[in-house]
Amino acid sequence: MKKKIITLCYRKIIDNSSTKAWDRLVFEDSYKEFKLQAQFYNQVKKYNTFAELVHHVKGAEKLHYLVSGAIVNYLKQLNEIVPDIANNIGRQFLIFKQFKFELINSDLRHIDKHKVAISFYSEPLIWHDTIAPYLLTSPLTVDIDETLTDLFAIQPYLTIHTLS
Amino acid sequence: MERKNFLRSLIIGAASAPMLMDACKKSSATSEVGTTTTVTGGSSTSSCAVAPTETEGPFPTHSPASYVRSNIVDGKSGYAFTVKIVVGNSNNGCNPLANAIVDIWHCDAEGNYSEYGGSGMQSTNYTSLHFLRGRQTTDSNGAVTFTSIFPGWYSGRATHIHVHIYNSSGNSLKVTQIAFPEGTGTAVSLVNGYGKGMSGYTYNKNDNVFSDDNSGIEIATVTGTTTAGFVLNMGISVPA
């Protein structure tokens, strides 16, 4: 049987309820950057929320990209390891190089309305088997007789992104 | 089953349905409590997957936005280009404005901006994501300097650099663009669109941003050659 190659996507939601140090830095700095860059699209100072800007101002959807500059250095600090997602023995095992940053909501008046998402796209994995609720995978680069594998569950906000 | 008994079972079923719904509510509430006590890592989502169980670290440290740098080249090729901007306070005799935040961005030699690859729905590699975009804070002379490449041109616009100036608190003071001198011997004509020539170029007088600038106040001083590189000097006054 031809082996299936998959990549996973983990969409990490960060908002005012996030407590971890890394999450807080991303939350606070992305809000600061939003307040800076939103002014370009809000020169008449008419709008307060990201949703209003996207709805009324041409080009305001670029704020996703523009605000991402505030969090790129935090991504680098992860050393290419997808946060939060562990295999069944509790080790973080997913490697990423690709990401996507999104502003979900934000409000120039209240930081507690600020909510962002970072989607982490894993490097390719070989999907060997499915055992009960778990997927058995190994990194695509591994090519020896004995393969080191990871066993993990598909959990909320984690999905199979591509299949080949 | 007799018809009577069947009907009775339906009635009992209907009567017990709200209780069943309550039971579901209770069990889901219970499992949420269980989740918050057992899941030590992960996001705030409820799941029964194993949470990361590893030595803590690496520890995140506060980092400025990737824009905060003087060299904004990010591996883009083009003629060396130094951008020097001096910010003055028009509410204070145009004296130098210190501690102002200055954002600049411009296109590459081919006329593309960095956001063209990063604003869509696709994923992106985070290296060089924000090329030719930078942020500096003015010194006591109101000056900032960026190291970049000379911008190319694209259809419909004269050569330009975008500038957004904020005060030290991050409040917007000015959104503007810097225009370039034109004509024989100028940087724009020496660079010659990086070989694509000037056919179809939009000159300042026809540019939808610069055409109303009759006094040339938006045009910078640009000196240099393709071998030595170019230097742009521009003074911008803002009400601070």
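Residues numbered from 1 in each chain as written. Chains lettered and ligands numbered in written order. Predicted model: local features only at pLDDT ≥ 70, side-chain atom pairs only at ≥ 80, totals over all residues. Heavy atoms only, no water.

From N to C terminus, chain B includes 2 helices and 10 strands. Secondary structure elements of chain B, listed N to C terminal, follow the sequence α-β-β-β-β-β-β-β-β-α-β-β. Counting all 240 residues of chain B, 39% fall into the buried class. For chain B, contacts bridging at least 24 residues in sequence account for 71% of all contacts bridging at least 6. Total accessible area on chain B stands at roughly 12,700 Å², and carbon and sulfur atoms take up 54% of it. (Helix = DSSP H or I, 4+ residues; strand = E, 2+ residues; numbered from the N terminus. Buried < 20%, exposed > 50% of the residue type's maximum accessible area, 1.4 Å probe, protein only. Contact = heavy atoms within 4.5 Å. Areas by Shrake-Rupley, 256 points an atom, 1.4 Å probe, with all protein chains shown as cover.)

Another point: the environment of Val26 of chain A. Residue and element names in this part refer to chain A. As for its position among the elements, Val26 is in helix α1 (residues 21-41). Between the C-alpha atom of Val26 and that of Ile71, which follows or precedes it by 45 residues, the distance is 5.8 Å. Once residues lying within four places of it in the same chain are set aside, the contact partners of Val26 are Ile14, Ile71, Tyr74, Val116 and Ile118.

Time to look at a nonpolar patch on the surface. A surface patch of nonpolar side chains, amounting to about 250 Å² of accessible area, comprises Ile154, Ile160 and Leu163 of chain A. Along the chain, Ile160 of chain A falls in strand β7 (residues 158-163). (Patch = residues over 30% accessible without salt bridge, like charges linked within 9 Å, V, L, I, M, F, W, Y side chains within 5 Å. Salt bridge = Lys/Arg side-chain N within 4 Å of Asp/Glu carboxyl O.)

Bringing the pattern of salt bridges into the picture now. Taken as a whole and assessed by the stated rule, the structure comprises 15 salt bridges over all chains. The residue Lys20 of chain A makes a salt bridge to Asp84 of chain A at a minimum N-O spacing of 2.7 Å. Taken together, the positions of Lys20 of chain A in the loop between β1 (4-15) and α1 and Asp84 of chain A in the loop between α4 (72-76) and β2 (96-105) put the pair 64 residues apart, joining distant regions of the chain. The partner of Glu33 of chain A in a salt bridge is Arg135 of chain B, with the nearest N and O atoms 2.6 Å apart.

All names here are of chain A. With 7 of 8 residues buried, strand β3 (residues 115-122) is to be regarded as a mostly interior element. Where β1 meets β3, 7 bridges bridge the pair, whose relative direction is antiparallel. Bridged to Asp15 within β3 is Lys115. Both β2 and β3 contribute to a ladder of 8 bridges, which runs antiparallel. Along β3, the bridge assignment pairs Glu102 with Ala117. (Pairing = 2+ DSSP bridges.)

On to the side chain of Asp213 of chain B, then. Residue and element names in this part refer to chain B. Locating Asp213 in the fold gives a position in the loop between α2 (187-191) and β9 (221-225). No salt bridge is formed by the buried Asp213; its nearest oppositely charged neighbour, Arg157, is found at 11 Å. Only 3.1 Å separates the side chain of Asp213 from the backbone nitrogen of Gly216, close enough to count as a polar contact. Residues within four places of Asp213 in sequence aside, it is in contact with Glu218 and Ile219. (Lys, Arg positive; Asp, Glu negative; His and termini not counted. Polar contact = N/O pair within 3.5 Å; in protein donor to acceptor, adjacent residues only side chain to side chain.)

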